Amino acid sequence: MTNRKMSLSRRQLLRGAGGAVLALPFLESIASKEALAAPAPKRLVVMKSFSTQIISSWYPTFSGNGYVLKNDVYSGNKADGTTLLTTPLGGGPYTQAPLRDFETPNGVSEILGPALNPHLDKITLIRGLDFLPSVNHNYGGILGNYSSCTAATPCDADGLTDVPTIDQVLAYSAKFYENTPWARYLHLSQGVDNSMSYSSMGQQGGPVQQLKARTNPLDAWNDLFAGANPDQPVNPGPNRDKLLIDKVYEDYKRLRDNKRLSATDRQLVDQYVNLIAELQAKLETSQTLSCTIPPEPDSFANNTGTDPADIKQKWDLFLDIVVAALMCDQTRIVTLGVHKALGPGPDPNDMTLQGHYHSEDASGGTWHGLAHDWGNANSRRMLAGINAWIAEEIFAKLCERLDVTEGDGQTVLDNSLIYWGNEMGFNHIAYSVPCLLAGSAGGFIQPGRYLDYIDWDGQSYFAQENGNVIKGIPHNRLLVTIMQAMGLSPADYEMNGEPGYGSTSTNGRDPNLWPVDYDLSQVGNILPGIQG
């Protein structure tokens, strides 16, 4: 058998977000059709921070006005200094409270500071989301691919089958994108170019690969705006690129039908055929943007340094691009790997912010190293400060800039969902992994609340860093909530006849040390009470 090697020139490749789009499926919805009046689109922005969150700094520690601390009710490990909630939520041992009940001039907690106060009615704070698989440092856990531990920290969950992360399930759904988007997604990061996203490129059962993130603002800008004119449609005359694409498409179709192709090779060819089909659709589409494109930024090389000015400037440029991309509907999916941030230095008396970089390097003084030194009060102070900066300079700014009206009294933020998740929970333990949401996905979620899914009257297995290993609720139910909030139904994402999304395996967890007896009969349902 003779192997045929094929390549595409740069002009034939779609400028996909993060440079990672290798193939895009042909969907019936990409056929040319007249624009119809439609509700405002839904959008998903996912932020991920790394290593630990300090529990007593992340959650409210407010007492008064009818609220007491857990220390007033519980002893031992459960007396963690955080506020006890008592209003029932959605049945079961779950509780809730209005988030504004904890508002102070300094915010609702040490990390969730005053910059979030104007947006509290549109924010949902969630406690008690547990990763069931046994993970360590990982890439895709917060979006459902738990078998993605880093090379330096292998884990039991690595033995699980890779699945596309939920952003990629959405990216290739005809319900989420009714028509071919300019870019199905945008992945951004600083320092580390591996994203949190894993994709089968829309091919059900196809090979799953980790996608790369853009680390240079100019590359991200080019992905979203190069060639787009906010005032004039694309020239509808003959398109030389389209003529070339048509020829390549026909060649691929002929190759795909070759009976000598193996199943694996045919799957790869199918991915390329789908890419070409989408390129055809895009080249046939004239586009007029009713939005403001940010100025083309300078090029910034990726680096592992911690220069504060460089970190701050890149995040500012990235946010400009993200906001414009969502406003212009150039993409509806964005992920932000927050590997770099500013925060306090080791001297408590020096208020100058320093740059911090989270990587696999856990040596003393690094962001990762601080997380391993959780027993040190000064390390905890620095970690809390890093995450407070993320809350103010990234999360709060996204809320502010997206909270602009787009019709029917709703704002872009109202019709979106911003999800700030963490790599793990307290210390390096994947129980009660922090989650902060903003927006309501077009009214699907009732925001403005603090939701606690921990069974505080249940067994406390052990505690570290003011965090308790007490059974909460499977993180899988957040994944289901997000996908349904974005318009999908179970048939659009469930696999192999199993309810929900993502693995529920607890292999590797000793039941004497960890909770493993979760009620999986409900794992296919959205989070209890999330809709109010």
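What to know about the overall build of the protein chain
Item 1. Scanning the protein chain from N- to C-terminus turns up nine helices and 19 strands.
Item 2. Out of the 532 residues belonging to the protein chain, those deemed buried represent 56%.
Item 3. Within the protein chain, counting contacts between residues at least 6 apart in sequence, those at least 24 apart form 73% of the total.
Item 4. For the protein chain, the computed accessible surface area is about 21700 Å², with 48% contributed by carbon and sulfur atoms.

Let's talk about unusual backbone geometry
Item 1. A positive phi angle is found at Ser51, which is not glycine, with a value near 55°.
Item 2. Looking at where Ser51 falls in the secondary structure, it is placed in the loop between strand E1 (43-49) and helix H1 (55-58).
Item 3. Positive phi outside glycine occurs at Asp329, with the angle close to 60°.
Item 4. Judged by its relative accessible area of 28%, Asp329 falls in the partly exposed class.

With respect to empty space enclosed by the protein
Unfilled space is identified by rolling a water-sized probe across the atoms.
Item 1. This model, assessed by the stated rule, comprises three cavities of 30 Å³ or more.
Item 2. If you go around the largest cavity, the residues you meet are Lys48, Phe50, Tyr139, Leu188, Ser189, Asn194, Ser195, Met196, Ala213, Thr335, Gly337 and His339.
Item 3. Element by element, the count of residues in the lining of the largest cavity is highest for strand E7 (residues 194-199), at three residues.
Item 4. Here the lining of the largest cavity is composed, by residue class, of five nonpolar, six polar and one charged.

A short note on the confidence of the model for the protein chain
Detailed reading of predicted coordinates is not advised where the pLDDT is low.
Item 1. Averaged over every residue, the pLDDT of the protein chain is 87; residues scoring 70 or more account for 83%.
Item 2. Across residues 1-37, confidence stays below pLDDT 50; counting only partners more than four residues off in sequence or on other chains, it has 84 contacts.
Item 3. The model gives residues 232-241 a pLDDT under 50, and that stretch makes 11 contacts with residues more than four places away or in other chains.

Thoughts on the environment of Ile429
Item 1. Note that Ile429 resides in the loop between strand E14 (416-422) and strand E15 (435-438).
Item 2. By relative accessible area, Ile429 is classed as buried at 8%.
Item 3. Counting along the chain gives 377 residues from Ile429 to Thr52, while the straight-line C-alpha distance between them is 8.1 Å.
Item 4. Leave out the neighbours within four places in its chain, and Ile429 touches Met424, Phe462, Gln464, Val469 and Trp514.

What to know about the packing of helix H3 (residues 217-225) against helix H6 (residues 308-327)
Item 1. Viewed as axis vectors pointing N to C, H3 and H6 meet at an angle of 10°, and their least axial separation amounts to 10 Å. The angle between the axes of H3 and H6 places the two elements in the roughly parallel class. The residues of H6 that touch H3, namely those facing Pro217, Ala220, Trp221, Leu224 and Phe225, are Lys314, Leu317, Phe318, Ile321, Ala324 and Ala325.
Item 2. Across the contact of H3 with H6, the residue classes tally to 10 nonpolar, no polar and one charged.

Remarks on the side chain of Ser189
Item 1. Among the secondary structure elements, Ser189 is positioned in strand E6 (residues 186-189).
Item 2. For Ser189, a relative accessible area of 1% corresponds to the buried category.
Item 3. Here the side chain of Ser189 touches Gly337 through a polar contact of 3.4 Å, landing on its backbone oxygen.
Item 4. Not counting residues up to four positions away in its chain, the partners in contact with Ser189 are Ala213, Arg214, Thr215, Phe318, Gly337 and His339.

Description of the packing of aromatic side chains
Item 1. Per the stated rule, a full pass over the model turns up 16 aromatic pairs.
Item 2. Here the aromatic rings of Tyr431 and Trp514 are separated by 5.5 Å at their centres, their planes lie at 15°, and the arrangement is stacked. Of this pair, Tyr431 sits in the loop between E14 and E15 while Trp514 sits in the segment after helix H9 (476-485); the two residues are 83 residues apart in sequence, bridging distant segments of the chain. Comparing Tyr431 with Trp514 shows no difference in burial state: the two are buried.

Details of the state of the cysteines
Item 1. Using the criterion set out here, one finds two disulfides in the structure.
Item 2. A disulfide bridge connects Cys149 with Cys155, and the sulfur atoms are separated by 2.0 Å. Looking along the S-S bond of the Cys149-Cys155 disulfide, the torsion reads about 95°, which is the right-handed sense.
Item 3. Judged by relative accessible area, Cys149 falls into the buried class, the value being 11%.
Item 4. In this model, Cys291 is linked to Cys328 through a disulfide, with the two sulfur atoms separated by 1.7 Å. The sign of the 115° torsion about the S-S bond sets the Cys291-Cys328 disulfide as right-handed.

Side note on the environment of Asp121
Item 1. With respect to the helices and strands, the residue Asp121 is situated in the loop between strand E3 (95-98) and strand E4 (123-127).
Item 2. Classification of Asp121 by relative accessible area gives partly exposed; the value is 47%.
Item 3. With 325 residues separating them along the chain, Asp121 and Gln446 place their C-alpha atoms 9.3 Å apart.
Item 4. With residues near it in sequence (within four places) discarded, Asp121 still touches Arg100, Pro447 and Gly448.
Item 5. Separated by 2.9 Å, the side chains of Asp121 and Arg100 make a polar contact.

Details of helix H8 (residues 377-402)
Item 1. The end-to-end C-alpha distance of H8 is 36 Å, a good match for the 38 Å that 26 residues give at a rise of 1.5 Å each.
Item 2. Along its length, H8 shows its largest kink, about 30°, at Ala396.
Item 3. At the N-terminal boundary of H8, the capping side chain belongs to Asn376, with an oxygen 2.7 Å from the backbone nitrogen of Asn378.

Some details on the sheet that holds strand E2 (residues 87-88)
Item 1. In spatial order, the strands read E2-E3-E16-E4-E15-E14-E1-E9-E6; together these nine strands make up an open sheet with mixed pairing. Each having just a single partner strand, E2 and E6 make up the two edges of the open sheet.
Item 2. Across seven bridges, the pairing between E1 and E14 is parallel. Note that in E14 the partner of Leu44 across the bridge is Leu417.

A look at the environment of Leu120
Item 1. By secondary structure assignment, the location of Leu120 is in the loop between E3 and E4.
Item 2. Along the backbone, Leu120 and Pro98 are 22 residues apart, and their C-alpha atoms lie at a distance of 9.1 Å.
Item 3. Each residue touching Leu120, except ones within four places of it in the same chain, is listed here: Leu99, Arg100, Glu103, Val108 and Gly448.

Conventions adopted
- Residues numbered from 1 in each chain as written.
- Predicted model: local features only at pLDDT ≥ 70, side-chain atom pairs only at ≥ 80, totals over all residues.
- Heavy atoms only, no water.
- Helix = DSSP H or I, 4+ residues; strand = E, 2+ residues; numbered from the N terminus.
- Buried < 20%, exposed > 50% of the residue type's maximum accessible area, 1.4 Å probe, protein only.
- Contact = heavy atoms within 4.5 Å.
- Areas by Shrake-Rupley, 256 points an atom, 1.4 Å probe, with all protein chains shown as cover.
- 1 Å grid on protein atoms, 1.4 Å probe; cavity = no way out; pocket = protein on both sides within 12 Å on 5 of 7 lines; lining within 4 Å.
- Points joined across faces, edges and corners; volume = space filled by probe spheres on them.
- Nonpolar A, V, L, I, M, F, W, Y, C, P; charged D, E, K, R; others polar.
- pLDDT = per-residue confidence, 0-100.
- Axes fitted to C-alpha atoms, helices over the stretch in contact; angles between N-to-C directions.
- Parallel < 35°, antiparallel > 145°, perpendicular 65-115°, else oblique.
- Polar contact = N/O pair within 3.5 Å; in protein donor to acceptor, adjacent residues only side chain to side chain.
- Phe/Tyr/Trp six-rings, centres within 6.5 Å; stacked < 30°, edge-to-face > 60°.
- Disulfide = S-S within 2.5 Å.
- Expected span 1.5 Å × (residues − 1).
- Bend = angle between axes of the 7 residues up to and from the residue.
- Pairing = 2+ DSSP bridges.

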